[in-house]
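Chain by chain, the residues run as shown.
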Amino acid sequence: MSRGLRLSALVMGDAQADRIVPPTGFTARLTLFAAGAMAFLTVFALALSLASGRLATRWGDELAQSSTLRISAPAEQKEAQTAAALAVLDSTPGIASARALSPDEQAALLAPWFGADLPIDTLPIPQLIEIVETEEGYDAAGLRLRLQAEVPAAVLDDHTRWRRPLERAASRLRLLGWVSILLIGGATAAMITLAANAALAANSQVISVLRLIGAQDDYIASAFVRRFTLRALTGALAGTVLGALAVFLLPSAQEEGGFLTGLGFEGAGWASLILIPGLAAVVAYFATRAAARKTLSELT
């Protein structure tokens, strides 16, 4: 039988063959529940994977072309050292702009740790200079040597030690999401296989009678394959809708909330949910087909 005919038989079905598989019962409920629950979990695993990818991109873009210069000098020398550091930065190729942060901006940076009422004017807080690079970037090693000679109190931080661990962590979260999706697919196949085996074993007498009157094993197996595939498709569709609704109700991405408020889908990411019920049906199709062939061969 060609693939086109198989697909047509799967969609259209056969009223006589469908009577072989009981429309209700334990196996029907198990298939619907397993497909729905696994689709629900797949939505969240996919959301985690896509959000991790966006996070890695955002962290990389935000930190890749920015650096910080810290000037730790006595109060009477800080202004002069800052001016000298800005002069060095302005003459350095690869630096688009450099500016000293105001006391209010530095207080805002420290507020999450020390509170908004921090008396910054009375504390020996280093002066921070924000550096924005060009696309080509600058020679960090050469700049450090110049600063060491002209501004001894300056310490350059090009964010490399921050960016790489963050990007690596986000990439591993994305990988974890895809591994979770694969495990969910495997668990779905296992549960549907068990349900199909139980249904075939429960109908062994009916199968024996059908064989006596001339029914072929392919004809019998196709009835089970169709029924379990449609059950998995229905359950996965319901689980996907519920999962999408749950993700939609999550808090939207906020700078204050960080990663935990950005687990939703964006743009074309919502369209990827359409694939989940179809993949569940494909898994159910092949799992039931393999289970039917194995069980029918054992019943001979």
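All values reported here derive from a predicted model rather than from experimental measurement.

## Quick notes on the packing of helix 8 (residues 204-212) against helix 9 (residues 217-248)
Okay, step 1: It is the contact of helix 8 with helix 9, at a shortest axis distance of 10 Å, that shows an interaxial angle of 145 degrees. Every pair of crossing elements has a handedness; the one defined by helix 8 and helix 9 is right-handed. Facing I207, L210 and R211 of helix 8, the residues of helix 9 in contact are D217, I220 and F224.
Okay, step 2: Split by residue class, the contact of helix 8 with helix 9 holds 4 nonpolar, no polar and 2 charged.

## Some points on the packing of aromatic side chains
Okay, step 1: What the rule picks out here adds up to 3 aromatic pairs.
Okay, step 2: Aromatic pair F40 and F44: ring centres 5.2 Å apart, planes at 55 degrees, arrangement tilted. With F40 and F44 both in helix 3 (residues 26-64), this residue pair falls 4 residues apart, about one helical turn.
Okay, step 3: For F40, a relative accessible area of 29% puts it in the partly exposed group.
Okay, step 4: Between F248 and W270, the aromatic rings sit 6.4 Å apart at their centres with planes inclined by 65 degrees, giving edge-to-face as the arrangement. Here the residue F248 occupies a position in helix 9, and W270 occupies one in the loop between helix 9 and helix 10 (275-298), the gap between them amounting to 22 residues.

## Points about the pattern of salt bridges
Okay, step 1: Per the stated rule, a full pass over the model turns up 3 salt bridges.
Okay, step 2: In this structure, R99 and E130 form a salt bridge, with 3.2 Å as the shortest nitrogen-oxygen distance. A residue pair is termed long-range when its members are at least 10 positions apart, and R99 in strand 2 (residues 95-100) and E130 in strand 3 (residues 127-133) qualify at 31 residues.

## A word on the nonpolar core
Okay, step 1: V43, I207, I220, F224, F228, F265 and L273 are the most contacted members of the largest nonpolar core, which totals 33 residues.
Okay, step 2: Among the elements of the structure, helix 3, helix 7 (160-202), helix 8, helix 9 and helix 10 are those that each provide at least two residues to this core.
Okay, step 3: Sort the elements by how many residues they give to this core and helix 9 lands first, with 8 residues.
Okay, step 4: Residues I71, I95, A98 and I131 belong to the second largest nonpolar core, which totals 18 residues.

## Description of the sheet that holds strand 2
Okay, step 1: What the 4 strands build is an open sheet, ordered 2-3-1-4; its pairing is antiparallel. If you trace the sheet from one side to the other, it starts and ends with strand 2 and strand 4 (154-157), each paired once. Going from strand to strand, the sheet's axes swing by 20 degrees on average, the running direction of each strand aside.
Okay, step 2: Relative to strand 3, strand 1 (residues 66-71) runs antiparallel, the two sharing 6 bridges. Looking at strand 3, one finds that T68 is bridged to E130.
Okay, step 3: Along the sheet, helix 6 (residues 140-150) makes contact with strand 1, strand 2 and strand 4, crossing strand 4 at roughly 170 degrees.

Criteria and thresholds
- Residues numbered from 1 in each chain as written.
- Predicted model: local features only at pLDDT ≥ 70, side-chain atom pairs only at ≥ 80, totals over all residues.
- Heavy atoms only, no water.
- Axes fitted to C-alpha atoms, helices over the stretch in contact; angles between N-to-C directions.
- Helix = DSSP H or I, 4+ residues; strand = E, 2+ residues; numbered from the N terminus.
- Left-handed = near helix turned anticlockwise from the far one by under 90°.
- Contact = heavy atoms within 4.5 Å.
- Nonpolar A, V, L, I, M, F, W, Y, C, P; charged D, E, K, R; others polar.
- Phe/Tyr/Trp six-rings, centres within 6.5 Å; stacked < 30°, edge-to-face > 60°.
- Buried < 20%, exposed > 50% of the residue type's maximum accessible area, 1.4 Å probe, protein only.
- Salt bridge = Lys/Arg side-chain N within 4 Å of Asp/Glu carboxyl O.
- Core = buried A, V, L, I, M, F, W, Y, C linked by side-chain atoms within 4.5 Å.
- Pairing = 2+ DSSP bridges.

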